[in-house]
Amino acid sequence: MKNRTKIINISLFVLYMVSAIQSSIMSVVQNDIIRDYGLSIAEAGFLSTASSIGMFASLFSIPFVQSRVKRMTCMTIGLVLMVVDMVLIGISTSFYVLLAAIAFMSLGSSYHDTFLNSLVIDLNGKDAPRYMNLLHTFFSVGALINPYIVKWIANISGSWQAVYYIIAFFLVLAYLHFVFQARKGMDVPAMRQAKGATLSKEVVKELVKDKRIVLTALQSTLYSSAQMGIASWIVTYINMEVGTPNPTGFALLDTLAIDVFPLSLLWVGITIGRLIMAKVGWNPVKTLAYGCFISVPVLVIGIISANYWALCAMTVIFGIICGHGIPSLTARAGRNTPGRTAMGTTISSLIGNCVSWIWPLMIAAIADVHGFRFGLLVTAGLLIASGVIGLLNDKACREYDEAHPDAA
């Protein structure tokens, strides 16, 4: 039983890594799309808007769908939408068809990822935080290698459209491998769970009254807002206010886009942090809370110094200390709603995404008046708030687990 669960986990890890590569294609080929479609910058903004529409449509519908449709069916629907729309993006010559394909691809991706995360939580029970960090470590690796894979395929094929076709093919292969392993592992209890609990008025009242659900969502929102603020604006801060050493003295680094190197280090740190949490198995809610407090002086020193190398150190340290936050809190959100893990993770993601997308815009607004240095310091305040909420969340989770030992 344990070996079969391990094999299913590995197949899901590989599938999620390929999914990470798929999710970041647009960020690499966007300039090519703008050129080929003759778009203005304002029109190009609709590309991300279409993706957001698809994502929010999925998050609002998943709590209702999870009680009516089998989990494996939801994952399959999500993957089919992703693959079909990736092909459609490649062959489309209409901007409006492109936008529709992006929206439905985002909807499918959100369905696929939500139910995949839910399955990993149910497969691993009390060890879910460790396995969620391993899962998201594979996602981090996919996100790291994405630019190189996308550019390599585009250079060889001479077409950005070919990137969508080829990665869609590998996505199908990874999913078929998972389905094959899942069919062989139907004796695993989590694989036999057909549908989540029905979403009724009583269930909604129960969810709203549960402090753990609310506090987990708030902690996740504040932390992800800080991480997104740093990831969204660190490169712009370097380009506009800090500058880069030229040359650095490191031949390899001097051949790369040196201004994005601190952002790459952020993902390296996040990957390391997730691997560490997967290994040590500490209390993830409390660990993240203390990590947020420790990261505050690191961020303040790095940002105020306005020094390129200090910012490199800042991003990698922050990633190592706090990079496990999103998978750890996703696992906690799933454990908060046993029998309907997809609902718990979706509630947390919905609140988190709705709010966390606001902060990069606020940082931009602050930076427009006071400069990016002051704007980025907002992230330190978000981390302090996330740490405080995290300690309250840890207390609420421990009290619940002690009162319900069978559910812990």
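Heads up: the structure comes first, above all this text.
Residues numbered from 1 in each chain as written. Predicted model: local features only at pLDDT ≥ 70, side-chain atom pairs only at ≥ 80, totals over all residues. Heavy atoms only, no water.

## Re the overall build of the protein
A tally of regular secondary structure across the protein gives 19 helices and zero strands. The buried share of the protein, reckoned over its 408 residues, is 51%. Contacts spanning at least 24 positions in sequence make up 85% of the contacts within the protein whose residues lie at least 6 apart. Accessible area for the protein stands at about 18100 Å²; split by element, carbon and sulfur atoms hold 67% of it. (Helix = DSSP H or I, 4+ residues; strand = E, 2+ residues; numbered from the N terminus. Buried < 20%, exposed > 50% of the residue type's maximum accessible area, 1.4 Å probe, protein only. Contact = heavy atoms within 4.5 Å. Areas by Shrake-Rupley, 256 points an atom, 1.4 Å probe, with all protein chains shown as cover.)

## Notes on the packing of aromatic side chains
Evaluation of the coordinates by the stated rule reveals 10 aromatic pairs. Taken together, a centroid distance of 6.2 Å and an interplanar angle of 55° make the contact between phenylalanine 95 and tyrosine 96 tilted. Judged by relative accessible area, tyrosine 96 falls into the exposed class, the value being 67%. Taking 6.1 Å as the distance between ring centres and 40° as the angle between the ring planes, the aromatic pair formed by tyrosine 111 and phenylalanine 115 counts as tilted. Of this pair, tyrosine 111 and phenylalanine 115 both sit in helix H5 (residues 95–124), separated by four residues, roughly a single helical turn. (Phe/Tyr/Trp six-rings, centres within 6.5 Å; stacked < 30°, edge-to-face > 60°.)

## Some thoughts on a nonpolar patch on the surface
Taken together, the side chains of Val87, Ile91, Tyr165, Ile166, Phe169, Phe170, Leu173 and Leu176 present a nonpolar region at the surface, about 730 Å² in accessible area. Among the elements of the structure, helix H4 (71–91) and helix H7 (161–184) are those that each provide at least two residues to the nonpolar patch. Examining the composition of the nonpolar patch, we find that six residues originate from one element, H7, more than from any other. As for its position among the elements, phenylalanine 169 is in helix H7. (Patch = residues over 30% accessible without salt bridge, like charges linked within 9 Å, V, L, I, M, F, W, Y side chains within 5 Å. Salt bridge = Lys/Arg side-chain N within 4 Å of Asp/Glu carboxyl O.)

## Observations regarding the side chain of serine 19
As for its placement among the helices and strands, serine 19 is situated in helix H1 (residues 2–23). Beyond its immediate stretch of four places on either side in the chain, serine 19 contacts Met82, His112, Asp113 and Leu171.

## Some thoughts on the nonpolar core
Leu12, Ile33, Met75, Tyr164 and Phe178 are the most contacted members of the largest nonpolar core, which totals 60 residues. When contributions to this core are tallied by element, the ones reaching two or more residues are H1, helix H2 (25–37), helix H3 (41–65), H4, H5, helix H6 (128–157) and H7. For this core, the element with the most residues is H5, which contributes 15 residues. Beyond its immediate stretch of four places on either side in the chain, isoleucine 33 contacts Met26, Gly38, Leu39, Leu47, Leu98 and Trp160. Residues Leu215, Leu222, Leu288 and Cys292 belong to the second largest nonpolar core, which totals 38 residues. (Core = buried A, V, L, I, M, F, W, Y, C linked by side-chain atoms within 4.5 Å.)

## Considerations on the environment of isoleucine 272
Residue placement: isoleucine 272 occurs in helix H12 (residues 261–280). Of the residues examined, isoleucine 272 reaches a relative accessible area of 35% and is grouped as partly exposed. Counting along the chain gives 49 residues from isoleucine 272 to isoleucine 321, while the straight-line C-alpha distance between them is 9.0 Å.

## A word on unusual backbone geometry
At alanine 306, a position not held by glycine, the phi torsion is positive, near 55°. Its place among the elements puts alanine 306 in the loop between helix H13 (284–305) and helix H14 (308–322).

## Observations concerning the side chain of serine 92
Note on placement: serine 92 falls in the loop between H4 and H5. Look at serine 92 and you get buried, because its relative accessible area is 12%. Looking at serine 92, its side chain comes within polar contact range of the main-chain oxygen of serine 94, at 3.0 Å. Excluding residues that lie within four positions of it along the chain, serine 92 makes contacts with Tyr37, Val97 and Leu98. (Polar contact = N/O pair within 3.5 Å; in protein donor to acceptor, adjacent residues only side chain to side chain.)

## Quick notes on the environment of isoleucine 10
Within the element layout of this structure, isoleucine 10 appears in helix H1. Once the C-alpha coordinates of isoleucine 10 and phenylalanine 138 are considered, the two residues, 128 residues apart in sequence, prove to be 10.0 Å apart.

## Section: the state of the cysteines
Summed over the entire model, instances satisfying the criterion amount to zero disulfides. Of all cysteine sulfurs, the one in cysteine 292 lies closest to cysteine 322, which takes part in no disulfide; the gap is 4.4 Å. By relative accessible area, cysteine 322 is classed as buried at 0%. (Disulfide = S-S within 2.5 Å.)

## Some details on the pattern of salt bridges
Under the defined criterion, the tally for this structure stands at four salt bridges. Of the charged contacts in the structure, one is a salt bridge between arginine 35 and aspartate 36, with a shortest N-O distance of 3.0 Å. Given the relative accessible area of 54%, arginine 35 is considered exposed. When its relative accessible area of 42% is taken as the criterion, aspartate 36 is described as partly exposed. Aspartate 394 serves as the salt-bridge partner of arginine 398, at 3.0 Å between the closest nitrogen and oxygen.

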